[in-house]
Amino acid sequence: MADLKLQSLVKRYDDVETIHKVSADINSGEFIVLIGPSGCGKSTLLRMIAGLEEVTSGDIYIEGENVTNVVAAKRGIAMVFQSYALYPHMNVRENLSFGLKNLKHEQSYIDEKIQYAVETLQLSQYLDRMPSQLSGGQRQRIAIGRAIVRDPKIFLFDEPLSNLDTELRVQMRHEIIKLHKKLGNTMIYVTHDQVEAMTMADRIIVLDNGNIAQIGAPLELYNNPQSLFTASFIGSPKINLLKGVVKSNTDGQIQVDLENKQTISIHKQVNSLSAGDTITLGIRPEHINNQSVTNSITFNFTLDEIECLGDSTLIYAQLDGGADAESIDVRIKLQGQHSYVSETKATFQVSSEHVLIFNENGQNTTYDN
């Protein structure tokens, strides 16, 4: 196990800066997930940690040692790639042993490490097979096994499950979680997948255009996002965003004129808001309820499409408003099975406590460090 410190990391390609003074402290044994939209710098940052991308400025420390200019092979890091990167002309045993042989280890040491890896990942029966004879999930386990035999201080995963089908992704996700619990190594994992991030991470680092938007535990980011960006990126289905203007803010009751010409009252104490302030309300689809709730806000909808998912019902709807007002697209997620019909009207409730309020700069007005 090893702790990792990133200090003011910058990556620049000619005149284009893609990573902007990123700093983070990762504790020994943590499972960290890097998440963000395409092009935000996740894989670039991971490759900088691995030593596969040169650092323009800033420093990387592993166990207190500055490794910024240390070659990749000597950082004590193993990386698992999206493409598996197995040698097609070598069988599984040869793929697992290749790196150790290059490092001139004794055969007895190599055999011991391979034995440990195949037992850990239940791969013993595949040792003599070629990669072409394996399924996608089996190939990814071999790629992880090749990382294990190196006995690294830190594991790096670059979207390792993106080439697998849904069922295999779920299976491999659980296997990686179990592997982390068994080995206890520090792991840093890049993904686009919301479910992977929420279910696997001890903490999530949300990246926005080469900057860290927020670092925190999964439920912390979900319940207490610092910014509109984090709120929009964490959660599936995506959060609903309603623009409005503060009409009044007195005695813990905020009157808001929404863009659909509906005025609502939010029971929440936010001292930083004044009449005339432009705000954005964030309401998660699963917080819209078809039953009475405390300090509720009532919304009227025209239902567009209904998706019955078995354990839940996802509704795409239009939020109705005043005369001549444009409707607003909204997603509603209800637990269980419901018999709603498209092109009908329905009324739903939202509790004030579940309404996030973002100021004109996109900052959560009730964010609690």
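Residues numbered from 1 in each chain as written. Predicted model: local features only at pLDDT ≥ 70, side-chain atom pairs only at ≥ 80, totals over all residues. Heavy atoms only, no water.

### Describing the side chain of S232
Here is step 1: The topology assignment puts S232 in helix α8 (residues 228-233).
Here is step 2: Beyond its immediate sequence surroundings of up to four residues, S232 is in contact with K238, I239 and L241. (Helix = DSSP H or I, 4+ residues; strand = E, 2+ residues; numbered from the N terminus. Contact = heavy atoms within 4.5 Å.)

### Observations regarding the packing of aromatic side chains
Here is step 1: Going through the model one piece at a time under the given rule, you end up with 8 aromatic pairs.
Here is step 2: Ring plane angle 40 degrees and centroid distance 5.8 Å describe the contact between F31 and Y189, whose orientation is recorded as tilted. Highlighted residues: F31 in strand β3 (residues 31-35) and Y189 in strand β8 (residues 186-191), separated in sequence by 158 residues.
Here is step 3: Taking the relative accessible area as the measure of exposure, F31 reaches 1% and is therefore buried.
Here is step 4: By relative accessible area, which is 0% here, Y189 ends up buried.
Here is step 5: With a centroid separation of 5.6 Å and 50 degrees between ring planes, the pair formed by Y340 and F348 is classed as tilted. (Phe/Tyr/Trp six-rings, centres within 6.5 Å; stacked < 30°, edge-to-face > 60°. Buried < 20%, exposed > 50% of the residue type's maximum accessible area, 1.4 Å probe, protein only.)

### Focus on the sheet that holds strand β10 (residues 211-216)
Here is step 1: Read across the sheet, 6 strands follow the order β6-β7-β8-β3-β9-β10 without closing on themselves; strand pairing throughout is mixed. This sheet does not close on itself; its edge strands, each paired only once, are β6 (77-80) and β10. When the angles between neighbouring strand axes are averaged without regard to direction, this sheet yields 20 degrees.
Here is step 2: Pairing analysis gives 5 bridges linking strand β7 (residues 154-158) to β8, with the strands arranged parallel. When the bridges of β8 are listed, L156 appears paired with I188.
Here is step 3: Along the sheet, helix α4 (residues 136-148) makes contact with β6 and β7, crossing β6 at roughly 175 degrees. (Pairing = 2+ DSSP bridges. Axes fitted to C-alpha atoms, helices over the stretch in contact; angles between N-to-C directions.)

### So, helix α2 (residues 92-102)
Here is step 1: Along α2, the residues classified as buried are V92, N95, L96, S97 and L100.
Here is step 2: Structurally, α2 contributes buried residues whose contacts are with α3 (107-121) and α4.
Here is step 3: For α2, the N-terminal capping position is held by N91, with its side-chain oxygen 3.2 Å away from the main-chain nitrogen of R93.
Here is step 4: Looking one or two residues beyond α2, the residue adopting positive phi is K104, at roughly 65 degrees. (Polar contact = N/O pair within 3.5 Å; in protein donor to acceptor, adjacent residues only side chain to side chain.)

### Quick look at the side chain of S312
Here is step 1: Structurally, S312 is set in strand β17 (residues 312-319).
Here is step 2: Within the structure, S312 has its side chain in polar contact with the side chain of D311 (distance 3.5 Å).
Here is step 3: S312 has contacts with E307, K333, L334, Q335 and G336, leaving out every residue within four places of it along the chain.

### Examining the pattern of salt bridges
Here is step 1: On inspection of all chains with the given rule, the structure shows 12 salt bridges.
Here is step 2: Of the charged contacts, one joins K11 and E53 as a salt bridge, the two residues approaching to 3.6 Å between their closest N and O atoms. With a gap of 42 residues between them, K11 in strand β1 (residues 4-13) and E53 in the loop between α1 (42-50) and β4 (57-62) connect regions that are remote in the sequence.
Here is step 3: A salt bridge links D128 to R93; the nearest nitrogen and oxygen atoms lie 4.0 Å apart. With D128 in the loop between α3 and α4 and R93 in helix α2, this residue pair connects regions lying 35 residues apart in the sequence.
Here is step 4: Residues joined by salt bridges that share partners form a network here, namely K11, R47 and E53. (Salt bridge = Lys/Arg side-chain N within 4 Å of Asp/Glu carboxyl O.)

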